[in-house]
Amino acid sequence: MMSHKPRIAIVGGGLGGLTAAILLQRAHYPVRVYEQADQFSRVGAGIQLSPNVMRVMRHIGLEDAMMRIGLRPLQKLSRDWKTGEITYAVPLERMFELYGAHYLIMHRGDMHEILLSALQPGSLYLNHRLIEMEQNGTCLSLAFANGIHAEADIAIGADGVESKVREILLGPEPPTYTGYVAYRSIFPRKNIGNLQIPDSSKWWGDDRHLVIYLLTNKRDEVYVVTGVPRPEWQFESISPAPVNPEEVQEAFGEFHPEVRTVLAACPQATKAPLLERKPMPLWSDRRVVLLGDACHPMPPHMGQGAGMAIEDAVMLFRCLETEPHDYQAAFKKYKMNRFERTARVQHESHNNEWIRYSMDHEWLFGYDVLTAPLREDAETRRTPANSLGPSIISGKTQ
Ligand SMILES: Cc1cc2nc3c(=O)[nH]c(=O)nc-3n(C[C@H](O)[C@H](O)[C@H](O)COP(=O)(O)OP(=O)(O)OC[C@H]3O[C@@H](n4cnc5c(N)ncnc54)[C@H](O)[C@@H]3O)c2cc1C
């Protein structure tokens, strides 16, 4: 049977793009995911997934697979860098009771693999780096660095902080360097010998911080991730680059002995710049819409960047379903229902004070993107069905 649903090209097979693909494919949209990488590897990074995200994973049937691998931490401690004093303990073990879903921490590569397993076979196109995209009255054409061209009715730019899709819509404008770098390291817990460490703690210094958490449900891997001020340097790539672990040890040389013991056990580390943007006025143009870091990148200080990308995917899907004949109205509604929340998380992430001391987390963790009432405005209802009209790029209104 021929599908009457729009053909959707998702540019970027990261956490946001894959979640969108899974939701859309299950509702019988013809979806292709174009990813620049020629393979995915288990890169050295952990990920924290709060109840607002795990609720979505349950909805797409992946919660159990993730819970089998990941760790349900008991607490997340905020600690003073020098004395180790606990300034706040987030009761993570009570998240289900409070918000109806768990808090999980796991290896990012493991999560990605679980999402990939739910994708329709044959719908992921690796080694497809988008270089150009054109839209006209009848469809979109996409050109990739490998020389291949493709067509679609709608494109979702889920291509991360250096988004090519965003550049095509808005022109070149690199993300802003926050002035901070992330050092990261993952290593076996046995490296720290008998030292007992909490499941998750953030050590707050005056101008830097360090997060240490255990990664698997066996508690056998340790993950370290930092925010350390560094003057701007000419980074050619935003990808994590290997550094000597001594550089990380030096950056935290004055910290509490527990921190120094953990860092002394790091056999390797990487460094990457932390980037951000201010909330963007334009989230879509005609047939093209943005999602996740392509749209609202933020420093990782709240552990919510992927969470926001995944929530975006759900909201975009809901809006396409409620506006089946008018994707421009769907895109408008999507932005209307996502802008405020993502801007708030961008702002809070930039300020880096999240749960340093006791504070309300219900607005973040208790939010249910699957059922939140959809906001509509009168203007959305007046938009003529899929009228493409002249480009609105110049007006940057949507
Ligand atoms: C140090 C650090 C720690 C973090 N910790 C957390 C955390 O604990 N919890 C959390 O929720 N978030 C965390 N984040 C944020 C999170 O990693 C991002 O917000 C999230 O990955 C964004 O998802 P995305 O799908 O939008 O983009 P990405 O995951 O970046 O995926 C984009 C994909 O697009 C591909 N791509 C790029 N350009 C092209 C192109 N031209 N053509 C085709 N494909 C392309 C890329 O290869 C990539 O696969 C952290 C970030 C950092 C830097």
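The structure under discussion appears in the preceding block.
What counts as what
- In every chain, residue numbers begin from 1 and rise along the written sequence.
- This being a predicted model, a pLDDT of at least 70 is required before a residue's local features are given, and a value of 80 or more before pairs of side-chain atoms are given or counted; all residues contribute to the totals for chains, interfaces and linings.
- Hydrogens and water are ignored here; the side-chain numbers use all heavy atoms of the structure.
- By nonpolar core is meant a set of buried Ala, Val, Leu, Ile, Met, Phe, Trp, Tyr and Cys residues that side-chain atoms within 4.5 Å join together.
- Exposure is judged per residue with a 1.4 Å probe applied to protein chains only, and the accessible area is read against the type maximum: over 50% gives exposed, under 20% gives buried, and values in between give partly exposed.
- By definition, any uninterrupted DSSP run of H or I lasting at least four residues is a helix, any uninterrupted run of E lasting at least two residues is a strand, and each is numbered from the N terminus.
- Two residues form a contact once any of their heavy atoms are found within 4.5 Å.
- The span expected for a helix works out to 1.5 Å for each residue beyond the first.
- Bend at a given residue is defined as the angle between two axes, one fitted to the seven residues that end at that position and one fitted to the seven that begin there.
- One speaks of a salt bridge when a side-chain nitrogen belonging to Lys or Arg is within 4 Å of a carboxyl oxygen belonging to Asp or Glu.

Q: Let's hear about the nonpolar core: which residues, and what values?
A: Ranked by internal contacts, the top residues of the largest apolar core, which has 71 residues, are I10, M66, M111 and L320. Examining the composition of this core, we find that 9 residues originate from one element, helix α9 (residues 305-322), more than from any other. Not counting residues within four places of it along the chain, the set of residues in contact with M111 comprises L15, I47, L49, M57, M66, M106 and I310. Judged by nonpolar contacts, the second largest core, of 52 residues, contains L92, A182, L210 and V222.

Q: How would you sum up the environment of A21? Please name residues and give values.
A: Mapped onto the fold, A21 is located in helix α1 (residues 15-26). Those residues in contact with A21 that sit more than four places away from it in its chain are I10, V31, V33 and L119.

Q: Before we move on, could you go through helix α10 (residues 327-351) and cite the residues and values that matter?
A: The first and last C-alpha atoms of α10 sit 35 Å apart over 25 residues, in line with the 36 Å expected at 1.5 Å per residue. Residue R338 marks the point of greatest curvature in α10, where the axis turns by about 40°. Once α10 finishes, N352 follows within two positions and takes phi at roughly 50°, a positive value.

Q: Residue-level account of unusual backbone geometry, with values.
A: At H28, a position not held by glycine, the phi torsion is positive, near 70°. For H28, the position within the fold is in the loop between α1 and β2 (31-34). Overall, the relative accessible area of 61% leaves H28 in the exposed class. One non-glycine residue, I355, lies in the positive phi region at around 45°. Looking at where I355 falls in the secondary structure, it is placed in the loop between α10 and α11 (362-365). For I355, a relative accessible area of 5% gives the class buried.

Q: Any details on the pattern of salt bridges? Residues and values, ideally.
A: Per the stated rule, a full pass over the model turns up 19 salt bridges. One salt bridge connects D153 with R7, and the closest N-O pair in it is separated by 3.1 Å. Of this pair, D153 sits in the loop between β10 (149-152) and β11 (154-157) while R7 sits in the segment before β1 (8-11), and the two are 146 residues apart along the sequence. Given a relative accessible area of 17%, D153 falls into the buried group. Of the charged contacts, one joins E376 and K333 as a salt bridge, the two residues approaching to 3.4 Å between their closest N and O atoms. Placement of the pair is E376 in the loop between α11 and α12 (378-382) and K333 in helix α10, with a sequence separation of 43 residues. Here the residues in one salt-bridge network are E311, D312, R338 and R341, joined through shared partners.

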